[in-house]
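These are the residues of each chain, in order.
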Amino acid sequence: MPVITVDIGMLDSSEKKAELVKSLTSAASAATKIPEEKFIVLIKELERDNIGVGGTQLSALMKK
């Protein structure tokens, strides 16, 4: 079974997670011709303090 792993900042709702899972599964299935039911999607949510962009924590960048 193919596995899609996404490392992402914290999502606001389970609805956004569901949308992400559906979209990734659909796109991967279309690209590979593997049935959608064969895909596993893992979402790894990262705290904004644990993400750095250009040398600055994402939590600080989002305050601007």
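Refer to the structure printed above.
All figures in this text were calculated on a predicted structure; none of them were measured in a lab.

**Q** Got a sec to walk through the pattern of salt bridges? Specific residues and values, please.
**A** Under the counting rule described, the total for this entry stands at 2 salt bridges. For Asp 12, the salt bridge goes to Lys 16, with nearest N and O atoms at 3.0 Å. On the basis of relative accessible area, Lys 16 is assigned to the partly exposed category, the value being 40%. With a closest N to O distance of 2.9 Å, Lys 17 and Glu 45 form a salt bridge. Note that Lys 17 is positioned in helix α1 (residues 14-32) and Glu 45 in strand β2 (residues 40-46), a separation of 28 residues in sequence. On the accessibility criterion, Lys 17 (28% relative accessible area) is partly exposed.

**Q** Kindly report on the nonpolar core, identifying the contributing residues and their values.
**A** In this structure, Ile 4, Val 6, Ala 28, Phe 39 and Val 41 together form the largest nonpolar core, which totals 5 residues. Among all residues touching Val 41, those that are not within four sequence positions of it are Ile 4, Val 21, Leu 24 and Thr 25.

**Q** Which residues make up unusual backbone geometry, and what are the values?
**A** Non-glycine residue Lys 33 carries a positive phi angle of around 65 degrees. Tracing the backbone through its elements, the reader meets Lys 33 in the loop between α1 and β2. Under the relative-accessibility criterion, Lys 33 is labelled exposed at 71%.

So, how was this worked out
- Residues numbered from 1 in each chain as written.
- Predicted model: local features only at pLDDT ≥ 70, side-chain atom pairs only at ≥ 80, totals over all residues.
- Heavy atoms only, no water.
- Salt bridge = Lys/Arg side-chain N within 4 Å of Asp/Glu carboxyl O.
- Buried < 20%, exposed > 50% of the residue type's maximum accessible area, 1.4 Å probe, protein only.
- Helix = DSSP H or I, 4+ residues; strand = E, 2+ residues; numbered from the N terminus.
- Core = buried A, V, L, I, M, F, W, Y, C linked by side-chain atoms within 4.5 Å.
- Contact = heavy atoms within 4.5 Å.

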